[in-house]
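Observations on the model geometry
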Amino acid sequence: MVLQSCFSSREEKAAAFDAVDIYPVISSEFTLGRPVVEIFEAVAAGGAKIVQLREKNKGMKYLYELAVACRPIANRYGILLMIDDHVDVALAANADGVHLGQDDLPVPVARAIAPGLWLGNSTHNLEEALAAKAAGADCINIGPLFPTQTKEVGCSPLGLETMKQVAAQIELPFSVMGGIKARHIPELVRSGAKHIAMVTEITQAPDVAAKVRELRALFRC
């Protein structure tokens, strides 16, 4: 039997998201061959408040089984479990939310299917950010900020100034992503970014838990 989430409502999920600093995104192709569940446990032990499972090159059965295996870990640490792209997998695995790209299900459709999920939406400019807000997204991601090789996004890096311009014109929680390294965190935080998503900087670290603790400490610099 698939475990239920430790969060019982979207209101609880909203409060949990507000506490997020580092936002680890785990893909099996970027773990240096280590099991995703092992990396998930490590980022949770390091203090992350949210983890997204993203598998662009695996089947949905694999993603579902992965999410089911990670649900008990997420419950034990009291963290949000997010699924990239797939509303059905998020529902089936009792994940806390789903992060939708511009080519995935529209946010209103996802909301109708899954009213209890925390819905994130990837945005690459102000127009998309405003559309996500109007559509009812719970949060958005603004990116890519810097050049990245972990995902094909089809647009140029936005940079800090564009991020600040977009953030100033929306009233939604937002994360940032794309080519972000440890050295960027203090400036991003000073620029208003509270939730910073990272992939390889975390998942390819020799000691993943220690890396998460190190990155979280940079929010206080």
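Residues numbered from 1 in each chain as written. Predicted model: local features only at pLDDT ≥ 70, side-chain atom pairs only at ≥ 80, totals over all residues. Heavy atoms only, no water.

Here's the deal with the pairing of strand β2 (residues 50-53)
The test is simple: For each residue, the accessible area found with a 1.4 Å probe, counting protein chains only, is set against the maximum for its type, and the residue is called buried under 20%, exposed over 50%, and partly exposed in between. Helix numbers and strand numbers start at the N terminus; a helix is a DSSP run of H or I with at least 4 residues, a strand a run of E with at least 2. By definition, two strands form a pair when at least two bridges between them are found by DSSP. With strands facing away from the observer, any crossover in which the path from the first strand over the helix to the second runs clockwise is taken as right-handed.
The alternating pattern of β2 places Ile50 and Gln52 on one face and Val51 and Leu53 on the opposite face, and all of these are buried. Taken together, the two bridges between strand β1 (residues 22-26) and β2 define a ladder with parallel strand orientation. Residue pairing for β2: Ile26 is matched across the bridge by Leu53. Viewed along the sheet, the connection from β1 through helix α2 (residues 36-45) into β2 turns out right-handed.

Some details on the nonpolar core
Selection criterion: Buried residues of nine kinds, namely Ala, Val, Leu, Ile, Met, Phe, Trp, Tyr and Cys, make up a nonpolar core once their side-chain atoms join them within 4.5 Å. In this description, contact between two residues means that some pair of their heavy atoms is separated by no more than 4.5 Å.
In terms of nonpolar packing, the biggest core is built from 62 residues, with Phe40, Leu53 and Val176 touching the most fellow members. The contacts of Phe40, once residues within four sequence positions are left out, are Ile26, Val51, Leu53, Cys70, Ile73, Ala74, Ile79 and Leu81. Ranked by size, the runner-up nonpolar core spans 15 residues in total, among them Tyr23, Phe30, Leu80 and Val199.

Topic: helix α7 (residues 159-168)
Formally: Think of it as the arc spanned by the lines of direction from the helix axis to the C-beta atoms.
For α7, every residue scored as buried is listed here: Gly159, Leu160, Met163, Val166 and Ala167. One side of α7 holds all its buried residues, which, seen down the axis, span an arc of 135 degrees. Among the structural elements, α6 (126-135), β6 (139-142), β7 (174-176) and α8 (185-190) are those in contact with the buried residues of α7.

Quick look at a nonpolar patch on the surface
Going by this rule: A patch is a set of surface residues, each over 30% in relative accessible area and not in a salt bridge, joined within 9 Å for like charges and within 5 Å for the nonpolar side chains Val, Leu, Ile, Met, Phe, Trp and Tyr. Per-residue accessibility takes into account occlusion by the displayed protein chains alone, with areas from the Shrake-Rupley method and a 1.4 Å probe. In what follows, salt bridge is the name for a side-chain nitrogen of Lys or Arg lying within 4 Å of a carboxyl oxygen of Asp or Glu.
Residues Leu91, Leu105, Val109 and Ile113 make up a contiguous nonpolar surface patch of roughly 300 Å² in combined accessible area. Looking at the element boundaries, Leu91 is found in helix α4 (residues 87-92). What makes Leu91 partly exposed here is its relative accessible area of 38%.

Thoughts on the environment of Leu100
Relative to the assigned elements, Leu100 resides in strand β4 (residues 97-100). Residue classification places Leu100 among the buried positions, given a relative accessible area of 0%. Linking Leu100 and Thr200, residues 100 residues apart in sequence, is a C-alpha distance of 20 Å. Setting aside chain neighbours within four positions, we find Leu100 in contact with Asp85, Val87, Leu105, Val107, Ala110, Gly120, Asn121 and Ser122.

Some details on the environment of Leu117
By the secondary structure assignment, Leu117 is in the loop between α5 (107-113) and β5 (118-123). Given the relative accessible area of 4%, Leu117 is considered buried. Along the sequence, Leu117 and Ser8 sit 109 residues apart, while their C-alpha atoms lie 10 Å from each other. Leu117 has contacts with Arg10, Lys13, Val87, Ala90, Leu91, Ala95, Asp96, Gly97, Val98, Arg111 and Asp138, leaving out every residue within four places of it along the chain.

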